[in-house]
Structure formats: structure tokens, C-alpha cells
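Each chain, letter by letter, is given below.
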Amino acid sequence: MSQRKSKSKSSNADPKAVPKERCSRVSAVLLVFLGPMVDLVRQQWSVLIIYPTSQRPSEGNYEKEKEHCITLFDQWSEADQVEFVERLISRMCHYQHGHINSYLKPMLQRDFITALPAQGLDHIAENILSFLDARSLCAAELVCKEWQRVISEGMLWKKLIERMVRTDPLWKGLSERHQEKYLFKNRTAEVPPNSYYHSLYPKIIQDIETIEANWRCGRHNLQRIQCRSENSKGVYCLQYDDDKIISGLRDNSIKIWDKQTLECLKVLTGHTGSVLCLQYDERVIVTGSSDSTVRVWEVTTGEVLNTLIHHNEAVLHLRFANGLMVTCSKDRSIAVWDMASPTDISLRRVLVGHRAAVNVVDFDDKYIVSASGDRTIKVWSTSTCEFVRTLNGHKRGIACLQYRDRLVVSGSSDNTIRLWDIECGACLRVLEGHEELVRCIRFDNKRIVSGAYDGKIKVWDLQAALDPRAPASTLCLRTLVEHSGRVFRLQFDEFQIISSSHDDTILIWDFLNVSPNGQSEGRSPSRTYTYISR
């Protein structure tokens, strides 16, 4: 009976249960092997708790051996010391490498700006800091008193402003227009301290931001020149500088205007047809006319120095630079001239290839670019005068273009503006918005300005136009409406647009000198545009 009970108890037991005897044996084995390890860990922790790292008791002869190694190390050459340390480091683990790296970092740091003046090398410290931009220069002033002293005594804020004036056209223009305000040219020998230029820098930035806002919002001061042509009215071409505006009129005359007083200083006569194009430099004015001739005039006296008779029909456009001149004509040809002097101009080559009047030309040292009523833009080699390629895309004749670096911008009687890569001939963007023929176009690094037969001048965001991701609706920044007739020609810089029209006027759109309330005589209608900030 007892055997049956024991069997039933054993049958009801958990088959996975471990016998007590077996557990005791395993525990005994674990204690044998882990006991010493546990004791060692306890001992190490007791040492760590009782003694800080710097106060741990040395083991064995470590201290003596360490001193002996240091003595030997000091006797070795630098190269041997480096080799020995490298071998030591190579035998260490990753944790030790990290500890050494943390130890070396502060040792490797050097305040060279503070150290250089102590060695009599202030000029080197100033030269290093002179390469900083405005934000970095502000941060450098806060590093310590010695850095601030180097920046102050080195007049580094003044040098930063001077560098910006040398390299940025907008800064240069402001310096020329606001000399008294900015003290770029002092009447006294006393030079303001560095703190003056430090406070001046943000004021100049504020002026620049105001000018950019005026461009975006169309705020401008408008001046108007009434040309009062005797017979037929219209101003076909113009060019200006800080002192004067020179214009070519439909009534066959060339008029020179004082840019400050807007008075007519001189009238040049001699052409027997409308003056369709002109360009001048410090010595000469070169004009092209519907009388098929090109005339060269002396700037100061207005005397005719040369008359070039080559084209069979109206001379529609011309450009000259660095001893080379290119003219184009209604006779479908392009003439390339060598200009040794105003009186010594010889024909080098005639370029033929367009099937209609050649309306405009531009060139640099690499390419001559021409556009025609045949809807094409042709590219020619400047050095060899050989044909390179044709740019196709406009649906109607092309009236204007400008070429610089790799970019060509053209305007057409299909009412569009196109941007081209001259090297591959690809059309990069089509700008739409004008309602009639786009007659004149200019661009700089920021914007394109176009004038059309609809009487409107449009300002476009060039950088956005070159970005294929920019929506077409964001490209036109502002439309300026003041002319009552077709816009024939315009030129612009960072501060103004000067345009001429069939309405016999020249308009000066001044974005710098705007009344404080933003309202002016020539405020264009307010329109809603999206501006892509850059």
C-alpha cells in the first residue's frame, strides 16, 4: 500500500522539476568558481570607496619603476620619445585612447591671436582676423580683451567696410553717393575710431535692405526729362554715368544731359537719319543711324572724328570694347572692326548668316552674339569670326539681347524673354508677362529689367529664373508703368533705372532717394507679387 502511494506521488510530480540533490551540487560548483571572483570585486570596490583615484595605494614597485622610466625617457631624443610613446599607445585599448585624447586636447589648443602680439607680431594677428566676415568679427570681439584690442587697434571694422566697397558694386555705389554720411572721404585728417565703423556697418546694411525693399515694392522717386524734339518724337537709345546722360533721338540728333540738373548741355548734329544706337567711353561717342553710317564723336567737344560707311541699310546696333567694335544692320550683315584709335578704324570681317535684319549684337573675348528678325540667335568666335552655333526657340523675331559669361537673355516680338546657356545652346527659362514686343533688356547679378512696346518696364528675379524649381508666378517682382508710349531703351544699376520712350521722354527711376513715407511722384501701381528671398 505504501509503495502504491509513493508511486502515485511520483506520478503527480512535475517532470521538469530538478531534484534538490542536483541543485545543491550546482550551487557548490558555482561557489567554488565564482567565490574568489566575487571576493576580488568586493575588494576592488572597497579600495575605490576608501581611496580616491589619486590616493590609491601603489602596488609592487610601480612608483620606482615609473620614476626610472621617466628618467630614461628624458634622456632620449625627441624622435625616440615620439616613437616610444607611439608604441605604448599602440598597445593600449580603445578606452585608454579616449582618455589620452581628452588629456591632450586642451594641451594642443593655442590662443595664437593673443600669443602673436606678445612676440611683437601684432600685424600678423590683425591680418588673420581681417579675413573674417561681419558676424565672425562680432564673435571674435567677445572672445577676450586681447582679441578686442587687436580688432580695435587694427581698425578691422574699417578694413571690412573698405573690402566690401572694393568687391561689391552696391557698397561701392553707396560709398560714392553717401561720402559725407559714411565718412568714406574725410575732410579732416582725424580718423574716427574703430567703434565708429563698428556702428556704421549695420547702418550700411540697413540702407542696403531699404534699397532692396524699394525695388521689390516699386517705391521710387521719378524724374522726367522732356526731350522736346523738333520734328519726329522718340528717344531710341541712351547711356548714362554719374554726371551725364547721352541720348540718341528720332529727330537725327544726339543730346547730352546733365544728370543732376537735367538740363541739356549739348546737341550733336550730323546724322541725316534717326540715331538708333550709341555707346560712349571717356574719349568718344560712337553712334549708328538709319542713314547707314557709323559716326565717331569726341566726348568733350562734340567734334566728328570719323565716319564709317559700310552698311547698305540702317545701322541697328553696335558695341565696342578693347580695340574691337561690332556693328549690325538691317542689311542682314554683321561687321567686325579693329579700332586702333578713333581715327584709325578698319574693317576686319563681315559675318553673314542671318536671313533678316540683325537687330542687336553683344560680345566678349570669346563670343560674338547676334539676334535677328529671323527668330534666331547666332554665336560666332570673337578671335576667328567663325560661326559656332544657333540658338532656336523664339516664335517671332528677336529685338534685343544681352550676353555675359555663359548667360544670354533675349527679348522678342513673341512677347517673351528667354534665358540661354551659350555653351550648350539650351533655353533655361521662358519669362512671360509683357503684352507686346519686348524691345530692350538688361540684367545684372540679381535682376533682369525689360521694357516693351506695351509701355511697361518689368523687374524680374534673375536667380529665381535660373532655378528650374521656382514657379513662373514668382519671377516678376514689379511692373513699372509711367511711359505713355513704347519703351525703346533702358539701362540700370543698383540704385536706378533710366529709360527712354516713343513718348519723347527720358525717365529716371530712383530707388535710393525715396521719401520717408514711401510715397513719391512716380509710385507705380501696387500689385501683388511673391518674392523669392535669397
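Residues numbered from 1 in each chain as written. Predicted model: local features only at pLDDT ≥ 70, side-chain atom pairs only at ≥ 80, totals over all residues. Heavy atoms only, no water.

Naming follows an unreviewed UniProt entry, where the protein chain appears as F-box and WD repeat domain containing 11 of Nothobranchius furzeri. Quoted verbatim from the Subunit (unreviewed entry) field of the UniProt record, the comment on the protein chain reads "Self-associates. Component of the SCF(FBXW11) complex." Its UniProt record gives the protein chain a comment under Pathway (unreviewed entry), which states: "Protein modification; protein ubiquitination." (UniProt positions renumbered as here; feature names shortened; annotations may be inferred.)

J.: Just give me the short version of the overall build of the protein chain, but keep the residues and values in it.
T.: From N to C terminus, the protein chain includes 14 helices and 28 strands. Split into buried and exposed, the 534 residues of the protein chain put 44% on the buried side. Partitioning the contacts of the protein chain with sequence separation of at least 6, the portion at a separation of at least 24 is 48%. Entry remark: accessible area of the protein chain is about 30,000 Å², with carbon and sulfur atoms responsible for 52%. (Helix = DSSP H or I, 4+ residues; strand = E, 2+ residues; numbered from the N terminus. Buried < 20%, exposed > 50% of the residue type's maximum accessible area, 1.4 Å probe, protein only. Contact = heavy atoms within 4.5 Å. Areas by Shrake-Rupley, 256 points an atom, 1.4 Å probe, with all protein chains shown as cover.)

J.: Break down the side chain of H394 for me, citing the residues and quoting the values.
T.: Its location among the elements puts H394 in the loop between β17 (387-392) and β18 (398-404). When its relative accessible area of 5% is taken as the criterion, H394 is described as buried. Here the side chain of H394 touches S410 through a polar contact of 2.8 Å, side chain to side chain. Of the polar contacts made by the side chain of H394, one reaches the side chain of D414; its length is 3.1 Å. With residues up to four places along the chain from it excluded, the contact list for H394 reads R375, S410, S412, D414, T416, R418 and W420. (Polar contact = N/O pair within 3.5 Å; in protein donor to acceptor, adjacent residues only side chain to side chain.)

J.: Tell me about the UniProt feature "domain: F-box" (unreviewed entry) in the protein chain, and please be specific about residues and values.
T.: On the UniProt side, "domain: F-box" (unreviewed entry) is annotated at positions that read residues 122-160 here. Secondary structure across residues 122-160 comprises 77% helix and 0% strand; the distance between its end C-alpha atoms is 18 Å.

J.: Give a detailed account of the packing of aromatic side chains, specifying residues and quantitative values.
T.: If you walk through the whole model with that rule in mind, you get 11 aromatic pairs. On the basis of an interplanar angle of 75 degrees and a centroid distance of 5.6 Å, the ring pair of W380 and F387 is categorised as edge-to-face. Consider the rings of Y453 and F488, whose centres lie 6.1 Å apart with planes at 80 degrees: the pair is edge-to-face. With Y453 in the loop between β23 (447-452) and β24 (456-461) and F488 in strand β26 (residues 487-492), the pair connects residues that are 35 residues apart, well separated along the chain. The exposure class assigned to F488 is buried, which follows from its relative accessible area of 3%. Ring pairing ties together the aromatic residues F73, W76 and F84, which thus form one cluster. (Phe/Tyr/Trp six-rings, centres within 6.5 Å; stacked < 30°, edge-to-face > 60°.)

J.: Give a description of the UniProt feature "repeat: WD" (unreviewed entry) in the protein chain that names residues and reports values.
T.: When the UniProt feature table is mapped onto this chain, "repeat: WD" (unreviewed entry) is found at residues 228-267, 268-307, 308-347, 351-390, 391-430, 431-463 and 480-510. Helix makes up 0% of residues 268-307 and strand 57%, with an end-to-end C-alpha separation of 14 Å. Between the C-alpha atoms that bound residues 431-463 the distance is 13 Å, and the span itself is 6% helix and 61% strand.

J.: I'd like a rundown of the sheet that holds β24, residues and numbers included.
T.: Pairing in this open sheet of four strands is antiparallel, and the strands run β22-β23-β24-β25 from one edge to the other. The sheet terminates laterally at β22 (438-443) and β25 (476-481), the two strands that pair on one side only. Ignoring which end each strand starts from, the neighbouring axes of this sheet average 20 degrees apart. Examined bridge by bridge, β23 and β24 share five bridges and lie antiparallel to one another. Within β24, the residue paired with V449 across the bridge is V459. Helix α13 (residues 194-217) rests against β23, β24 and β25 of the sheet, and its axis sits at about 70 degrees to β25. (Pairing = 2+ DSSP bridges. Axes fitted to C-alpha atoms, helices over the stretch in contact; angles between N-to-C directions.)

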